[in-house]
Amino acid sequence: CGTVTATGTITVTPNNTITLTAGGTQTKCINNAITTTTYTTTGATGATITGLPTGVSGSWASNTVTISGTPTVSGAFTYTVTLTGGCGTVTATGTITVTPNNTITLTAGGTQTKCINNAITTTTYTTTGATGATITGLPTGVSGSWASNTVTISGTPTVSGAFTYTVTLTGGCGTVTATGTITVTPNNTITLTSAAGTNAQTKCINTAITNITYGSTGATGATVTGLPTGVTGAFASNVVTISGTPTVSGAFTYTVTL
């Protein structure tokens, strides 16, 4: 007799959830820390994170997934966060794009030596990643520019000396430079070093002239033309010497050419 009952409870657990709370899909330069990415989760007891670039790692604790680190390889890395425990197959994805450092490669010209007031050999560099470049240290008369991933240095130097230039890429990733040296050689010089008037003298035939000397710079030799028979010119150690005994008469205009 009597009214007899029995009771029970059916508990229905909802699927896990995952919500991005910081970071996520992003682009970073190689060897630069990513913006820390976090996800809030419900229901799960853990998570696995796959697809991250080398140097970046992920973990789960206290209902939060955290992804952080510094990528050491370049490329586009699509990661997947998969919750474990709880209910449902719940995932979240994002992409970390890691941009490589800029590059610069010499393709023509470069370090060189030129005479003053002579055009240099045009120098070019091919670049990747950059959006521009600055070029410093060039001699007056020579300039540089960047366009369409190419640095071009050209012109005619109007001053002498050794000029070490620096090409610094702008934009993109990394501090990337290239250097070279343009050595500009001054024009040769020649100066009378014997007594004033020795370069315009009058002598009796068969009488030795007073030696005439010129100091020079830059030259590796000299020719002397127009001398009377018996008189010669020679170059040694940056000095031109004209000497001898004329055996013919007349007025002889000579020329020293370095």
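Anything mentioned here points back to the structure above.
Residues numbered from 1 in each chain as written. Predicted model: local features only at pLDDT ≥ 70, side-chain atom pairs only at ≥ 80, totals over all residues. Heavy atoms only, no water.

1. Notes on the overall build of the protein chain
For step 1, the next point in the chain: Counting its regular elements, the protein chain contains 0 helices and 22 strands.
For step 2, the next point in the chain: A burial count over the protein chain gives 29% of its 258 residues as buried.
For step 3, the next point in the chain: Look at the contacts in the protein chain between residues 6 or more apart in sequence, and 54% of them connect residues 24 or more apart.
For step 4, the next point in the chain: For the protein chain, the accessible surface area stands at approximately 13,900 Å², while carbon and sulfur atoms represent 52% of it. (Helix = DSSP H or I, 4+ residues; strand = E, 2+ residues; numbered from the N terminus. Buried < 20%, exposed > 50% of the residue type's maximum accessible area, 1.4 Å probe, protein only. Contact = heavy atoms within 4.5 Å. Areas by Shrake-Rupley, 256 points an atom, 1.4 Å probe, with all protein chains shown as cover.)

2. Regarding the state of the cysteines
For step 1, the next point in the chain: Per the stated rule, a full pass over the model turns up 1 disulfide.
For step 2, the next point in the chain: Between the sulfur atoms of Cys29 and its disulfide mate Cys173 the distance is 1.9 Å. The chirality of the disulfide connecting Cys29 with Cys173 is left-handed, given an S-S dihedral of about -80 degrees. Here the residue Cys29 occupies a position in strand S2 (residues 26–29), and Cys173 occupies one in the loop between strand S15 (161–170) and strand S16 (177–185), the gap between them amounting to 144 residues. (Disulfide = S-S within 2.5 Å.)

3. Observations concerning the sheet that holds strand S12 (residues 132–136)
For step 1, the next point in the chain: One open sheet holds the 4 strands; their spatial order is S10-S16-S15-S12, and the pairing between them is mixed. Where the open sheet ends on each side, the last strands, each with one partner, are strand S10 (112–115) and S12. Going from strand to strand, the sheet's axes swing by 25 degrees on average, the running direction of each strand aside.
For step 2, the next point in the chain: Of the pairings in the sheet, the one linking S12 to S15 comprises 5 bridges and is antiparallel in character. Considered in S15, the bridge of Thr134 is made with Thr168. (Pairing = 2+ DSSP bridges. Axes fitted to C-alpha atoms, helices over the stretch in contact; angles between N-to-C directions.)

4. Let's talk about the side chain of Thr124
For step 1, the next point in the chain: Relative to the helices and strands, Thr124 is located in strand S11 (residues 123–128).
For step 2, the next point in the chain: Reaching out from Thr124, the side chain makes a polar contact with the side chain of Thr107 at a distance of 2.7 Å.
For step 3, the next point in the chain: Filtering out sequence-adjacent residues up to four positions away, Thr124 remains in contact with Thr105, Leu106, Thr107, Ala108, Thr150, Val151 and Thr152. (Polar contact = N/O pair within 3.5 Å; in protein donor to acceptor, adjacent residues only side chain to side chain.)

5. Focus on the sheet that holds strand S13 (residues 142–147)
Strand-to-strand pairing in sheets goes through backbone hydrogen bonds, with the strands running parallel or antiparallel.
For step 1, the next point in the chain: Here we have 4 strands laid out as an open sheet, ordered S9-S11-S14-S13, and antiparallel in their pairing. The open sheet has two edge strands with one neighbour each: strand S9 (103–108) and S13. The average angle at which neighbouring strand axes cross in this sheet is 20 degrees, direction not considered.
For step 2, the next point in the chain: Pairing between S13 and strand S14 (residues 150–155): 6 bridges, direction antiparallel.

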